[in-house]
Every structure is written in C-alpha cells, then in structure tokens.
Amino acid sequence: MQGVRRDRGAALTAIAQSAAPARPSRIGGWDSSWILWILIIAVLLFLVVSPFVHLVLTSFQAEKTGEFTLKNYAAAYGRARYVEALFNSLKLGAGAALLAGALAVPLAWGVSRTNMPGRGFVRMLVLATFITPPYTGAVAWILLAGPNAGWLNRIYVMLTGAEAGPFNIYSFPGLVVVIALYSFPYIFIFTSAALELVSSEMEDAANILGAGAWRTMRKITLPLALPAILGGLIICFLEAIALFASPAMIAIPARFNVVTTQLFQFFGNPSRVEVAAAYAMPLLGVTVLLVLVQRLITRRKGFATLTGKGGERRPIDLGGWRWAIFGYAMLVAALSVFLPYIFLVQAAFAKAWGRGFALDNFSFQNFHFVLFEHATAAKSVWNAFLFGGAAATLGVIITLGVAYIVARKLVPFAGFLGFLCVAPFVIPGVVLAIGFYAAYAPPPLALYGTATILILAFTTRFLPIGYVNASAAIRSINPEMEEAVRVLGGSRLTALRRVVAPLLKRNLLGAWLLIFIPATRELSSAIFLYGPNTKVVSVMIFDMSEEGNFEYLAALALLLQMLTLPMLYIGQRALGRDFMLRRNAT
Amino acid sequence: MLSYNTSKVKAEEAPKSWKDLLDPKWKGKVSTGHPAFSGYVGTWVYSMKKQFGWKYFEQLEKNKPQIGRSINDTVTALNAGERQVAAGADGSTLFSAARGNPLAVNYPTDGSILIVAPSAIVKGTKHPNAAKLFMEFLMTPEASEVNVKHFGIPIRPEVQGAKGTQPIDKIKVFRPTIAELDKGIPEAIEDWRDTFGN
C-alpha cells in the first residue's frame, strides 16, 4: 500500500510538471487517443477475428481453386478411424478430468481448510507441477513407466522377481494418468479459491448440530465449493483434449489417435489444411460449449456465502487424519514432481540413461551439447524467450488499452472489444494455429515460419490471461486521477502512460509474467507455425523425443525449467507467493 | 536396416534379414517408426510391401511391434531396452552406439533400403554458379568425409566408412524410384493404419 501511494504521488507530480505548459487545443472533441482506439480495434480484428474467419472459410474451400465445397468435411469424417479419434479425445478428456479432480480436491481442501502439516510446501509442489510443461512430464513418465525399460517396472521386477512389470505408459490409461498429473493444478486453483471463501460459521453450524468433521466436509463444505470444482473439471477436460505433445508421444505407440494427433497428420505431407480446418470444428464446438457451461456454473450467484462478507475462517482440526491427508499430498507430489524429476535429472546427467545411477555414467556432456554443440538447441531457447517476451509485451499493451476502454466506456460497444480479448480462450492452440496458417501463410503476407507469426499467435493465445488481469487492475483505479490529468490539459494517452500504467506497474508485471511463462513453453500452436530459423524450445524438445536421445532432451527440458525460476522469483517478489496459483492465472 | 541391442541380443542371434523380424521369438521385442511421421519409415514400408507383399506387415503385427514416430524412435526404444530388435537407420543407430550405447546394425541379406538424398539447383536462382560449385563439392572426397562423421555412407570409394558401416558396393540394396514412392507411400500409410490401427 505504501508503495502504491508513493507511486501515485510521484506520478501526479510528474504529470503536474510535464502537463503545465498548455497543450494545443483539440478539434471538436477529437482526441489523439482515438487513433489508438482505432488501432487497437484493427489489431484485435487481425489477431482474433481474421484467423477465426479464415479457419471457418477454409474448411468450406476446395484446395487451390478456393471454390465452395463440402468435400473437406466428407474427407475429414469419411473414415471410421477419424471419427474414432474424436471419441478417443472425449474419453481422454473425461478420464483425465475425473482423475485430476480426485488428485486435486483433497489437496485443495487440505491446504486451504485444515491444519494439515506442510501446507506451504504442498502449495509449492502444486506450483512445481503447474510449471512443468505437459511434454516434459510425458517424457519423464516414459522413463518411469515404459513397459520393459521404465524404472518403476524395473524396480518392480527387481523386488518381486516377476517376468515383467505391471505398468505400461503406452496405453489409454497411461495417457490419462500423465495428462491428469499435469493438469490437476487447474482444479486445485479453482477449488482452493472457492474453499477459502467458505466461512467457518457454516461448518460450525453443522458441528453444533452433531456432524463430525468428515460429514461437515461432505455435506457443507464440498457442496459450497462444487461449482468451482466443476469449473475446474471443465478446464481440465478442455486442456486434455487440446494437448498435442503427450498424445503424440504416448498414443501413437499405444496405437490410437486423438483429434490433435489426427490434425497433425492432416497437416503433414501432403498438407491438407482445408481438411484439417474441417476436422478442427468439433474440437472448437465442444470447447465453446463447455466454456459457456463453465461460465454459467461458476458465475451462479445462488451460493450467497461465496459472495458475502467474510466470516471467520479457522482451519479444521483433523487430529491424526491430518497425517493421512498429508501422506496423500506427498503421494500425488511423488507422482507429479519427485519421481519424474529424479529420473529427468538422472537422464540429463547420464551418458546413457538406461545404465542407471553409476558414477561412471555421470557426465555434463549433455548440457554442453545442447548449449554449445547442437546447431539449433541453444537458439531455440533464445527464440522461445524472445518470442514469449514480445508476445507478453504486446499482449499487455493491447489488453491494458482494451481494459481501459471497456472500464471507462470510451467507445460505443466497448464491451465487444473485451469479448474479443477473451474469445481466444475457447480456441484450442492447435485450432488457433490452423486459423493463423489459413489466414497469414498464403501471400500477400506469407508469414508462415516467421518470428512474426509465432509472436502474433502467442499474443492471441494468451490475450485472455492478459485481459482478465488488466481489467481487474483497471477497475481498482478511481477515474478521478485521470480526470485530474485531463483538467490539467493532458490527453488520455498521457493519463494512461503517466498515471494509469505507473500505478498498475506491479499488476502489469504480473500479467506480463503470466503470459510470458506459458508462452516460453507453448507447443501446440508453435508446432504448426515454426520454420527452420524460428524453432522454439518446446518444438526442439518435441523433436528430440523422436531423435533417439532422451539424455539431451532431459538436459534441455531441465534448462528450460531452471530459466523459469528467476521469473517465478520476480513474480513472487512483486505479487506475492501465490501469483501463479490464483484464479486469474488460468 | 536392422538394428539390435547388443546387451540383450547376441550377434549370432540378431536378425539378418527382414524376414527374420517375423520370427515369433521377437514377439513384443520389435521396434519400428511410423510411415505417416517419417519418410524413411514410409520408404521402408513401401519397399517391404513391394518385395514381400502386404502379408509381411500382417505377420509383423503378430509380433506386436512398438510403433514410434520417427525412424530414430527405434534408437530410443533399443537404448532403453524397451525393445531389442528394430527396423532402423544405420546413421542414427551407429552415432548413438559411438556414444557408448549398446547398439549394432545388420545389413539385411534381402536388401538394405537405399534412401538417396537428391540435391538440385533451384530454377532461376540468383547465384547459379555458386550452386553448381556446391554441387561439385558434394561429389568430393571432402564432402564424403563430412558425411562419414555423421555415420552416413561415403559415395567416394577412397573414403573409409565410419565404424560399423559397410561400403555401399559390399551390400545388397533395394532402391525404389521417386515416382514409385510418390504414389506408393500414401497408399502404404493407409494400409499401415488398417493393419496396425493408427
């Protein structure tokens, strides 16, 4: 608060000084900032509307001639295999979401409502899971649960003397587990946010009427948090059906396809973008529908306790059970963090990972190779951070502008601009990439494979995160201060630049990081758009997964994680420990 | 060509021909790539189909191969001990073997698949002479030596091949034409999906 006040003071003084000389008069209410507004609208049309329109149009166009046709749809759904892949995705989404719920809800309850030991530690582990890219998790689990060579199977065989171990990552359940393990933080975030708002008085009432801790949780606490849990489950479902890398690494050897791997094949050689566009429609449709449902559920105002004034919130004393739930949390953490990272680190420092933990197997060679010898690995890291940084900067500027327009109702239909900013949330990364490809790969722009198309696609993909944060921040500012600027003759742009932005610099830094961190590891849209000189680290890691060398891959994946740590540190210093695990982070 | 994990399979037991991969003793032990993800694998699948008919793959399916994407996925599967024998590529396998991994290759007696990397000059290029010089360079012993460093097969007889490779005139090769592959691979991919399910 102190800091904020000081910033405000400084900003106002700065304005007073710079705005003192009278500004030239404006003509008929025409404000130079209008140019900016028009620019922002144009940018949103370019980033959001045009790729979407192109996606839909392309799905109805014949290859080369561009005539109207329904043939693409016939080709996309004409084979039982292709339709089957659609259903596989739905099953995968449902399975992963339910399992993730079972992992996340007890943890969220334990952390936010009880006296479970090590609550901060558990939060930290959830964060560690959250920042592990799904493809890194998938590779780690191939090391752990490969049917013959996986460590879990080898240990099992060693202990029991059995012929073979019980785990097979290359299976439908295997894929469900891997996806659930790395998407449960979404449900955790939603659920713990809701549980923290449930007042203890409600639970006390149940206790007084004779219900024990367990029954209270089941009858009072959980139902109150249910909308949030359902919301989280839906997000998890959508995440699971939109993932590309984990299915590509696991489903192909397991001999089944999902929508995203099938889309990738339509994109392969010979490339059939039109068919891919037609095939992407159900994915898009399901996502739009479920996001609407999710919004309806989580916005329902029926649960008065979740919106009212804060009652007292005491942690529930679980007695001996607190160790049980702590044990469960450690089990989840073992599966999502401890075991995967132990074996990733082993592979990253091994000459050959299959040889295990032996001193003569230890080497720094893999890191040396990816940093200094490999032709493109180091550059791919640099590309990812460069494109991610550019996308985050663009995203923050655009969403700040739009949030400001919307909050101050500066143009007619301002709300529509806000809608455009959050609309990409319903477009899965692969689908967005196909839209960008359809819109900007052909001449005149011919952006395919350029840094520009990747930056623009990343910007669009993470606009919703930027917007949610920027609009929350803007709403916290009283318009008086900008009015002061206007009274002193400053333009709106001056107000935005010298008052609003400085006041919100922490929030904007937060929004920047919340875009930047996922953008540096974004794969599903990059895989369709990169070129030989614009490979990003996620694509590099994905490529390495089929190049026969998990040691290099593990080294590169760990490097990416290590480079993320300073970002997290800055974010936590500026915004508090949980800045990644808040609702507006997702 | 055929590759195998030397710590699990003795040299004399390792498969010597493509047909050997069909032996029931390799059930659950074979690794391949996927023709829809790899041109190498596509060429291999087409060549097998041409030589032995599609029944080759119907029989291979009985051995439940683990299907990766790239042909180099076979290297991963062998290194890990996930699988023991594979339809792989000599370059990436021998490169990995040189790093200390337990791998070796066999040139199949019924014909290694020769995959030629064609080079060409773009019509209307700004620097046609530089391009021609580069094409000349590709034919030199020097270029072959670079190739050998990456475990490719040298096209010049005076350049010694890398450890584990065979000179090209000593091995039996099977070489489909570009036109055959252009038409044949997409068909083979569909056949593959019908047999292997993805």
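For the structure itself, look to the data block above.
Along each chain, residues carry numbers from 1 onward, in the same order as the chain's sequence is written. Chains carry letters from A onward and ligands carry numbers from 1 onward, assigned in written order. Local features in this predicted model are restricted to residues of pLDDT 70 or higher, and side-chain atom pairs are both shown and tallied only at a pLDDT of 80 or more, whereas totals for entire chains, interfaces and linings draw on every residue. Side-chain calculation: all heavy atoms of the structure are included, whereas hydrogens and water are not.

Q: Can you tell me about the overall build of chain A, naming the residues and giving the values?
A: A run of H or I in DSSP becomes a helix once it reaches four residues, and a run of E becomes a strand once it reaches two; helices and strands are each numbered from the N terminus. Along chain A, the regular secondary structure elements total 25 helices and 0 strands. Our radius of gyration is a C-alpha quantity, and the globule rule it is checked against amounts to 2.2 Å times the number of residues to the power 0.38. Since a compact globule built from 586 residues should have a radius of gyration of about 25 Å, the 26 Å found for chain A is in line with a globular shape. Principal-axis analysis of the C-alpha atoms gives chain A an extent of 85 × 75 × 50 Å. Only protein chains enter the calculation, and the probe is 1.4 Å; a residue is then buried if its accessible area is under 20% of its type maximum, exposed if over 50%, and partly exposed in between. For chain A, buried positions account for 56% of its 586 residues. A separation of at least 24 residues holds for 77% of the contacts in chain A among residues at least 6 apart in sequence. Total accessible area computed for chain A in this model is approximately 24800 Å², and 67% of it derives from carbon and sulfur atoms. Put simply, chain A has 46 plus and 25 minus side-chain charges, and the middle of one group is 7 Å from the middle of the other. In this description, contact between two residues means that some pair of their heavy atoms is separated by no more than 4.5 Å. We get accessible surface area from the Shrake-Rupley algorithm with a probe of 1.4 Å; when it comes to residues, only the shown protein chains can shield them. The charged-residue count follows a simple rule in which Lys and Arg add positive charge and Asp and Glu add negative charge, with His and chain termini not counted at all. To locate a charge, take NZ of a lysine, CZ of an arginine, CG of an aspartate or CD of a glutamate.

Q: So what's going on with the interface of chain B and chain A? Residues and values would help.
A: Each side of the interface is counted separately: chain B has 29 residues, and chain A has 34 residues. When the two sides are added together, the surface that chain B and chain A hide from each other amounts to roughly 2600 Å², 42% of it contributed by carbon and sulfur. Two residues, Glu546 of chain A and Arg69 of chain B, come together in a salt bridge whose shortest N-O distance is 3.5 Å. Any N or O atom pair separated by 3.5 Å or less is treated as a polar contact, with the protein-specific requirement of one donor-capable and one acceptor-capable atom, and with residues adjacent in sequence counted only for side-chain atom pairs. Run the count over chain B and chain A and you get 12 residue pairs in polar contact (both at pLDDT 80 or more). Secondary structure elements with two or more residues in the side of chain B that touches chain A: strand E3 (66-67), helix H3 (73-80) and helix H7 (178-196) of chain B. The greatest single-element share of the side of chain B that touches chain A, amounting to 5 residues, is contributed by H3 of chain B. Residue classes in the side of chain B that touches chain A are distributed as 6 nonpolar, 13 polar and 10 charged. Simply put, the buried area is the total loss of 1.4 Å probe accessible area from both parts when two parts are fitted together. A carboxyl oxygen of Asp or Glu within 4 Å of a side-chain nitrogen of Lys or Arg is what we treat as a salt bridge. Only Asp, Glu, Lys and Arg are considered charged, only Ala, Val, Leu, Ile, Met, Phe, Trp, Tyr, Cys and Pro nonpolar, and every remaining residue, Gly among them, polar.

Q: Describe in detail the nonpolar core, supporting the description with residues and values.
A: One finds Leu44 and Leu556 of chain A to be the most contacted residues of the largest nonpolar core, which totals 205 residues. For this core, the leading source of residues is helix H8 (residues 172-195) of chain A, giving 15 residues. With residues up to four places along the chain from it excluded, the contact list for Leu44 of chain A reads Val49, Ile398, Val402, Leu417, Leu420, Cys421 and Leu463 of chain A. Core analysis: the next-biggest nonpolar cluster, separate from the first, contains 29 residues, Trp44, Met48, Ile71 and Trp192 of chain B among them. For this analysis, a nonpolar core means a set of buried residues of the types Ala, Val, Leu, Ile, Met, Phe, Trp, Tyr and Cys, connected via side-chain atoms within 4.5 Å.

Q: So what about the packing of aromatic side chains? Which residues, and what values?
A: Centres within 6.5 Å are what make two rings of Phe, Tyr or Trp a pair, Trp counting through its six-membered ring; a difference in plane orientation under 30 degrees is then read as stacked, over 60 as edge-to-face, and the rest as tilted. Following the criterion strictly, the structure yields 41 aromatic pairs over all chains and no others. Aromatic pair Phe244 of chain A and Phe528 of chain A: ring centres 6.4 Å apart, planes at 50°, arrangement tilted. Here the residue Phe244 of chain A occupies a position in the loop between helix H10 (213-242) and helix H11 (245-250), and Phe528 of chain A occupies one in helix H23 (residues 526-529), the gap between them amounting to 284 residues. The class for Phe244 of chain A is buried, based on a relative accessible area of 1%. Look at Phe264 of chain A and Phe528 of chain A: their rings are 5.9 Å apart centre to centre, the planes differ by 65°, and that puts the pair in the edge-to-face class. You can see Phe264 of chain A sitting in helix H12 (residues 259-267) and its partner Phe528 of chain A sitting in helix H23, a full 264 residues away along the chain. Its relative accessible area of 21% is what places Phe264 of chain A among the partly exposed residues. On the basis of relative accessible area, Phe528 of chain A is assigned to the buried category, the value being 2%. The structure contains a cluster of three or more aromatic residues connected by ring pairs, namely Phe244, Phe264, Phe267, Tyr437, Tyr448, Phe528 and Phe542 of chain A together with Phe37 of chain B. Geometrically, a charge over a ring is one whose NZ (Lys) or CZ (Arg) sits within 6 Å of the ring centre while staying within 35 degrees of the ring normal. For the cation-ring pair, Lys91 of chain A lies above Phe172 of chain A, with the distance from its terminal atom to the ring centre recorded as 5.4 Å.

Q: Please set out unusual backbone geometry residue by residue, giving values where relevant.
A: Trans is the common state for peptide bonds, and a negative phi is the common state for residues other than glycine. Of note, the bond from Pro443 of chain A into Pro444 of chain A is cis; its omega dihedral lies within 30 degrees of zero at 5°. Residues other than glycine seldom take positive phi values, yet Ala446 of chain A does so here, at roughly 45°. By the secondary structure assignment, Ala446 of chain A is in the loop between helix H18 (429-440) and helix H19 (451-475). The class for Ala446 of chain A is partly exposed, based on a relative accessible area of 43%. Notably, Phe151 of chain B is not glycine yet its phi reads approximately 60°, a positive angle. On the secondary structure map, Phe151 of chain B appears in the loop between helix H6 (141-149) and strand E7 (173-174).

Q: Could you give an account of the environment of Phe357 of chain A, with specific residues and numbers?
A: Residues and elements named next belong to chain A. In this fold, Phe357 is placed in the loop between helix H14 (321-348) and helix H15 (365-373). Between the C-alpha atoms of Phe357 and Tyr530, which are 173 residues apart in sequence, the distance is 37 Å. Setting aside anything within four residues of it in sequence, one finds Phe357 in contact with Ile342, Phe343 and Gln346.

Q: Tell me what's going on with H3 of chain B, and back it up with residues and numbers.
A: Residue and element names in this part refer to chain B. Counting buried positions along H3 gives 8 out of 8 residues, so the element sits mostly inside the fold. Residues Asp73, Thr74, Val75, Thr76, Ala77, Leu78, Asn79 and Ala80 constitute the buried set of H3. Gly81, located one to two residues past H3, shows a positive phi value of around 80°.

Q: Could you give me a rundown of a nonpolar patch on the surface, with the residues and numbers involved?
A: Residue and element names in this part refer to chain A. A cluster of nonpolar side chains, namely Phe121, Met124, Phe338, Ile342 and Phe357, defines an oily patch on the protein surface of about 510 Å² accessible area. Elements with a contribution of two residues or more to the nonpolar patch: helix H5 (119-130) and H14. Among the residues examined, Phe357 registers a relative accessible area of 59% and is labelled exposed. Residues qualify for a patch when their relative accessible area is over 30% and they have no salt bridge, like charges being joined within 9 Å and the nonpolar side chains of Val, Leu, Ile, Met, Phe, Trp and Tyr within 5 Å.

Just distances and angles here, no functional claims.
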